[in-house]
Amino acid sequence: MPPHVFADRPTGQPPERGTVDALITQTRRLLGDVDAVRREKTGTTVDATDPEARWQRALYELAVHQLNDLDRHLAQLRDGPATRENVPPQRAGAESRTGSLISRVGSAEWNLLTDEASWSGELYQILGRDPAAAPLTLDELPAVVHADDQPKLTAMVTDCLIDGKPIDGEFRIARADGSVRTVHMMGEPVLDADGSTASMWAVVRDVSELRRSQRAVSETRDSLQRQRHIAQTEHRLAVELQEAVLPPWRGSLRLPHGGPGGLDLAARHLPATTGSPIGGDWYDALELPDGQTLLTVGGLTGHGVAVTSGMAMMLGAVRGMAVSGTRPAELLGWLNHLLDSSAQPSLGSALCCRYDPAARTLAWAQAGHPAPLLFRDGTGCALTPPEGVLLGATTGAAYGQAEETLRSGDLLLLHTDGLVPRRGETAAAGRLLALAPRLTEARDAQECLSVIMDEFGVGEREDDACVLVARIGS
């Protein structure tokens, strides 16, 4: 095809072959690096339930496809355009099976004076036309364009020929094999010596797979954003529900409010620090109508709004049954029945204690939960637990009950299993019991809690936790 004088710039010179070969080498090296990173980061399969993984995979694939296309563009630039005679026969859908985002870039010129058209071999491939057929004129070109896009093509060509505006737009074509492809056309008028439009020249490329990949990136990005928005909303709801359910008192509390042998109390809820959703841990201390005090900690397995809602149900049941006089062992039996028969069965653990200030006795029961730790005279030990399985694990489970006589100055420590991160129950108890000398020196429950927080309240925490400290008064 002869060089053209465009409306706004002179014709550029073709690049030297060695320069293009160097660009091809660099492109292929970069393509290999990107493809290696893609395989390392995303593997061969993507979790369909993970929107972020799908979005990452779509972006990697788009980058690889675009580098593949750049490689093919540069190779075509080096080799020059194909002629109609050397265009190979093409099977239906061949482009989409190759994985390339484009066929080779095709070009065409329409002479306005002679009404002749000249197409490159690549344009026949893109439009799915028989290379032996005559190229379509500008008047005939809309016949292969999707009916909805024909007005758009007509407007672009008219603006180019009459107003000298460059063509830069996309439209769909209906190929003879029945497939519909999206092509991108760029073109300009070619002026004669008098400045009049003599012809129109254009380049066309198939962008169907490119647009498909871009849609995949956009859709996975939107899905990821929706998922994050849902997660943020659920997290906020879980936090608000937890704050509404857990005891309203902060700092220290004394129960019962009058009389000897009362409890000096302090408690804290520790959220996870690794971005995990809110869990189902709870703590509570409640003065009962008979003058005794309820002490309880526990938690449900899992995270999120549903678990926090279940925790609210469980803590409400604990409070209600304790106020009605239900003993700890019987209370856990009813909790097990409640969890086992709920619409969304789950597992949980709990520690339920009932303290009598008059007798200074602690009646307690546990359901698969760490036993209370008792600190006395500078040493500590874990109380021997009565029988008790996880809540929701067995229908009709029975729970044992133990009783401990306490002394003035004794310290009780109740906690959930997330207090000491990444430790088994025995190891966690050992680390907490090692704090006995420091806890003995503390003046009140709040200082005891500060000692525990200094040791376990900082650093990474994969799950939330609760701790409740009770010192026996004189």
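A brief structural summary. Along every chain, residues carry numbers that run from 1 in the direction the sequence is written. Reporting of local features is limited, given that this is a predicted model, to residues whose pLDDT is at least 70; pairs of side-chain atoms are given and counted only at 80 or more, and all residues count toward the totals for whole chains, interfaces and linings. The side-chain numbers reported here are obtained from all heavy atoms of the structure, hydrogens and water having been left aside.

So, about the overall build of the chain. Here a strand is any run of E in DSSP of at least two residues, a helix any run of H or I of at least four, and the numbering for each starts at the N terminus. A count of helical and extended segments in the chain gives eleven helices and 16 strands. For each residue, the accessible area found with a 1.4 Å probe, counting protein chains only, is set against the maximum for its type, and the residue is called buried under 20%, exposed over 50%, and partly exposed in between. The buried share of the chain, reckoned over its 474 residues, is 44%. Contacts in the chain between residues far apart in sequence, at least 24 positions, make up 66% of those at least 6 positions apart. Surface summary for the chain: the accessible area is close to 23,400 Å², and the carbon and sulfur share equals 52%. Any pair of residues with heavy atoms lying within 4.5 Å of one another is described as a contacting pair. Throughout, the Shrake-Rupley method with a 1.4 Å probe supplies accessible areas, and for residues the shown protein chains are the sole cover considered.

A few words now on the packing of helix α7 (residues 305–323) against helix α8 (residues 328–340). It is the contact of α7 with α8, at a shortest axis distance of 10 Å, that shows an interaxial angle of 145°. Two packed elements cross with a definite hand, and for α7 against α8 that hand is right-handed. From α7, Met313, Met314, Ala317, Val318, Met321 and Ala322 reach across to α8, where they touch Leu331, Trp334, Leu335, Leu338 and Leu339. Looking at the contact of α7 with α8 residue by residue, the class counts come to eleven nonpolar, no polar and no charged. Every axis in this analysis is a line fitted to C-alpha atoms, fitted for helices over the stretch in contact. Angles between the N-to-C directions lie between 0 and 180 degrees. For a crossing to be left-handed, the near helix must be turned anticlockwise from the far one by less than a right angle; the clockwise case is right-handed. Classes in brief: Ala, Val, Leu, Ile, Met, Phe, Trp, Tyr, Cys and Pro nonpolar; Asp, Glu, Lys and Arg charged; the others, Gly included, polar.

Keep in mind that most residues, glycine aside, have a negative phi and that most peptide bonds are trans. With a phi angle near 60°, Asp115 is a residue other than glycine that sits in the positive phi range. Turning to its location among the elements, Asp115 is positioned in the loop between β1 (106–111) and β2 (117–119). The backbone of Asp377 sits at a positive phi, close to 55°, despite the residue not being glycine. Along the chain, Asp377 falls in the loop between β12 (373–376) and β13 (379–382).

All right, on to the nonpolar core then. Within soluble globular proteins, side chains that are nonpolar tend to cluster in buried spots. To qualify as a nonpolar core, a set must consist of buried Ala, Val, Leu, Ile, Met, Phe, Trp, Tyr and Cys residues joined through side-chain atoms within 4.5 Å. Among the nonpolar cores identified, the biggest contains 52 residues, and Leu265, Leu295, Leu332 and Leu335 are the most heavily contacted of them. With nine residues, α7 is the single largest residue contributor to this core. Excluding residues that lie within four positions of it along the chain, Leu295 makes contacts with Leu263, Leu265, Asp284, Ala285, Leu351, Cys352, Cys353, Leu414, Leu468 and Ala470. Core analysis: the next-biggest nonpolar cluster, separate from the first, contains 25 residues, Leu373, Ala428, Leu439 and Ala442 among them.

Any carboxyl oxygen of Asp or Glu that lies within 4 Å of a side-chain nitrogen of Lys or Arg is treated as forming a salt bridge with it. All chains considered together, the criterion is met by 16 salt bridges. For the salt bridge of Arg212 with Glu209, the shortest nitrogen-to-oxygen distance reads 3.0 Å. One end of the pair, Arg212, and the other, Glu209, are both in helix α6 (residues 208–245), three residues apart, so they sit about a helical turn from each other. Assessed through its relative accessible area of 37%, Arg212 is described here as partly exposed. Overall, the relative accessible area of 13% leaves Glu209 in the buried class.

It is worth spelling out the sheet that holds strand β9 (residues 293–300) at this point. What the five strands build is an open sheet, ordered β8-β9-β10-β11-β14; its pairing is antiparallel. Looking at strand neighbours, the two that pair on one side only are β8 (280–287) and β14 (402–405), the edges of this open sheet. When the angles between neighbouring strand axes are averaged without regard to direction, this sheet yields 15°. Should DSSP find at least two bridges between two strands, the strands are taken to pair. Bridge count between strand β11 (residues 361–367) and β14: four bridges; the pairing is antiparallel. Bridged to Trp364 within β14 is Ala402.

Here the focus is the environment of Ala445. Along the chain, Ala445 falls in helix α11 (residues 445–456). A residue is classified by how much of its surface remains accessible, and Ala445, at 0% relative accessible area, is buried. Not counting residues within four places of it along the chain, the set of residues in contact with Ala445 comprises Asp264, Leu265, Ala266 and Val469.

Think of a 1 Å grid over the protein atoms and nothing else: a 1.4 Å probe that fits but is trapped marks a cavity, an open set flanked by protein within 12 Å on at least five of seven lines marks a pocket, and residues with an atom within 4 Å of a point count as lining. Grid points are joined across faces, edges and corners, and a volume is the space filled by probe spheres set on the points. Scanning all chains against the criterion turns up one cavity of 30 Å³ or more. Estimates place the volume of the largest cavity at around 50 Å³. Secondary-structure elements contributing two or more residues to the lining of the largest cavity are α4 (121–127), β3 (167–174) and β4 (180–191). Class assignment of the residues belonging to the lining of the largest cavity gives a composition of ten nonpolar, no polar and no charged.

Here we come to the pairing of β13. Across four bridges, β12 lies against β13 in antiparallel orientation. The residue bridging Leu373 from the neighbouring strand is Ala382, located in β13. The turn linking β12 back onto β13 is made up of two residues, and Asp377 within it adopts a positive phi angle of 55°.

Here, patches come from residues exposed beyond 30% relative accessible area and free of salt bridges, joined within 9 Å for like charges and within 5 Å for nonpolar side chains (Val, Leu, Ile, Met, Phe, Trp, Tyr). For the charge count, each Lys or Arg is scored as positive and each Asp or Glu as negative, with His and the chain ends excluded. To locate a charge, take atom NZ for lysine, CZ for arginine, CG for aspartate or CD for glutamate. Taken together, the side chains of Asp115, Glu116, Asp139 and Glu140 make up a negatively charged region of the molecular surface. Locating Asp139 in the fold gives a position in the loop between α4 and α5 (150–163). Residue classification places Asp139 among the exposed residues on the basis of a relative accessible area of 69%.

This part covers the state of the cysteines. Sulfur atoms of two cysteines make up a disulfide when they are within 2.5 Å. This model, assessed by the stated rule, comprises zero disulfides. A disulfide-free cysteine, Cys353 has its sulfur positioned 6.7 Å from the sulfur of Cys352, the nearest such atom.

Further remarks concern α7. The length a helix should cover is 1.5 Å for every residue beyond the first. The end-to-end C-alpha distance of α7 is 27 Å, a good match for the 27 Å that 19 residues give at a rise of 1.5 Å each. Among the residues of α7, Val307, Thr308, Gly310, Met311, Ala312, Met314, Leu315, Ala317, Val318, Met321 and Ala322 are the ones counted as buried. Among the structural elements, α6, β8, β9, α8 and β10 (348–356) are those in contact with the buried residues of α7. Two residues or fewer after α7 comes Gly325, characterised by a positive phi angle close to 95°.

Once that is clear, we can look at the sheet that holds strand β7 (residues 263–270). Strand order in the open sheet formed by six strands is β6-β7-β16-β15-β12-β13, with antiparallel pairing between adjacent strands. A strand with exactly one partner marks an edge of an open sheet, and here the two such strands are β6 (252–255) and β13. Neighbour to neighbour, the strand axes of the sheet diverge by 20° on average, direction disregarded. As defined by bridge partners, β6 adjoins β7 across four bridges and the pair is classed as antiparallel. When the bridges of β7 are listed, Arg254 appears paired with Asp264. Sitting on the sheet, helix α9 (residues 425–433) is in contact with β12, β13 and β15 (411–415), with an inclination near 25° to β12. Along the sheet, α11 contacts β6, β7, β15 and β16 (465–472); its crossing angle with β7, the most-contacted strand, is approximately 25°.

These figures come from the coordinates and say nothing about function on their own.
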